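# A closer look at the structure
Spelled out, the chains give:
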Amino acid sequence: MTHQSIFNHPKDYLLQAFKQHDVVLLAEDHAVKTHLDFVKDVIPDLHAAGVYYLAMEFGASEDQDTLNQLLTGKTFDRNLARALMFHYNVRWAYKEYLDLYEAVWRLNQIRPKNTAPFLLINMSYIFDWSDYNGVRTKENLQRVFHKGPIDEYRAKIIMDIKQADEKILILTGTVHALKHPLIQSQSISENDLSKTKWLGEHLYEAYGDRVTNLLFHQPLEPLMRMVTQKQTTPSPTAFVEQH
C-alpha cells in the first residue's frame, strides 16, 4: 500500500508544526550541507508564518548583542560572522552555518517594516579551557563548563524568549532534541542519572505539548547505540559536547 503525504515539500511539514506548537526542535546530525541549506531556504517562510527566532547550538550567548547588530545592520560583515563562529568553537565553524547568518541578514533587508526582525539566538556559552590539563575529572570539567550543564543553560535561554510568547525553531544535535530521557549515559554515576536532562526534556517539562521535535533524515544506529549501551562519563556536560 502506498502512503500519500499531504505535504508537497518538507518545509510544509515544518511550517505545519508551528500551527500546533510554539517550540520546534529540529534535530540534525551536524554539518550536513543539504540539511543546512534547507534551514537557510526556509527562513523567509518562517518569518512569513510569524516565527522570528532560530536558536542555534553553535554560538556563544556572550556574543548575542554583536550578532543582533550584524543581522540587522545595513551591511553584512562576513569576517565578523566568521569571528563570532570561531569565538564559540572552531570545530563547528562550517561555511553552511555561516551561510545562515547571511541568509537572515538578507531577509532582514527586505522584510516589511511593520514586522519584527528575524534573529538567530546563540544557545551556548564559551567554555573555559585555560586550566584544563587533559585529565577528564569531574572537578576539571566543572571548571571548563563553568556556567553549568550546557543543556540546562540552553533551556533557560529559550525560556527567556518564550516569556514573550514567541515561537522558536531550534536547530540542535539529535540527542539534545529528545523530549524523553531515552539516553542514560550523560551522568557521572548511576545515582546522578536523574539529575541531568537534555534540552528537549527541559522544554517539554516546561511547556508540554507546546513543544515538538522533528528529525532530519539521518542514520539512527549511532543514536540507538547510545540509548541501549550505558556509558559512564566524567561529566554530564562533557558528554553533551562530545556526541
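Before any of the text, the structure's been laid out above.
So, a few notes on the structure that sits alongside this text. Because the structure is a prediction, the values reported are computed rather than measured.

Looking now at helix H2 (residues 33-48). In this model, H2 (16 residues) spans 24 Å end to end at C-alpha, consistent with the 22 Å of a helix rising 1.5 Å per residue. Of the residues making up H2, those classed as buried are His 35, Leu 36, Asp 37, Phe 38, Val 39, Val 42, Ile 43, Leu 46 and His 47. Contacts from the buried residues of H2 go to helix H1 (10-20), strand S1 (23-28), strand S2 (53-60), helix H5 (95-110) and strand S4 (168-173). Phi for Gly 50, located one or two positions after H2, is positive at around 85°.

The residue Ala 31 is not glycine, and still its phi comes out positive at about 60°. Position of Ala 31 relative to the elements: it lies in the loop between S1 and H2. The backbone phi angle of Asp 165 is positive, close to 60°, even though this residue is not glycine. Tracing the backbone through its elements, the reader meets Asp 165 in the loop between helix H7 (150-162) and S4.

Now for the packing of aromatic side chains. One pass over the structure, following the stated rule, counts 11 aromatic pairs. Measuring from centroid to centroid gives 5.8 Å for Phe 38 and Phe 216, while their planes differ by 90°, and the two rings are edge-to-face. One end of the pair, Phe 38, is in helix H2; the other, Phe 216, is in the loop between strand S5 (211-215) and helix H9 (221-228), and 178 residues separate them in sequence. Here Phe 38 matches Phe 216 in class, with each residue buried. Ring centres of Phe 76 and Trp 105 lie 5.9 Å apart, and the angle between their planes is 45°; on these two criteria the pair is classed as tilted.

With parallel pairing, 5 strands are arranged side by side in an open sheet as S3-S2-S4-S1-S5. The open sheet has two free edges, formed respectively by strand S3 (119-124) and S5, since each of these has just one partner strand. Recorded for the sheet is a direction-independent mean angle of 30° between the axes of neighbouring strands. Bridge analysis of S1 against S5 gives 5 bridges, and the strand direction is parallel. Paired with Val 24 across the strands is Thr 212, a residue of S5. Along the sheet, H7 contacts S1, S2, S3 and S4; its crossing angle with S3, the most-contacted strand, is approximately 150°.

Cut-off values and rules
- Residues numbered from 1 in each chain as written.
- Predicted model: local features only at pLDDT ≥ 70, side-chain atom pairs only at ≥ 80, totals over all residues.
- Heavy atoms only, no water.
- Helix = DSSP H or I, 4+ residues; strand = E, 2+ residues; numbered from the N terminus.
- Expected span 1.5 Å × (residues − 1).
- Buried < 20%, exposed > 50% of the residue type's maximum accessible area, 1.4 Å probe, protein only.
- Contact = heavy atoms within 4.5 Å.
- Phe/Tyr/Trp six-rings, centres within 6.5 Å; stacked < 30°, edge-to-face > 60°.
- Pairing = 2+ DSSP bridges.
- Axes fitted to C-alpha atoms, helices over the stretch in contact; angles between N-to-C directions.

From the geometry alone we can't say anything about function, so treat these as descriptive.
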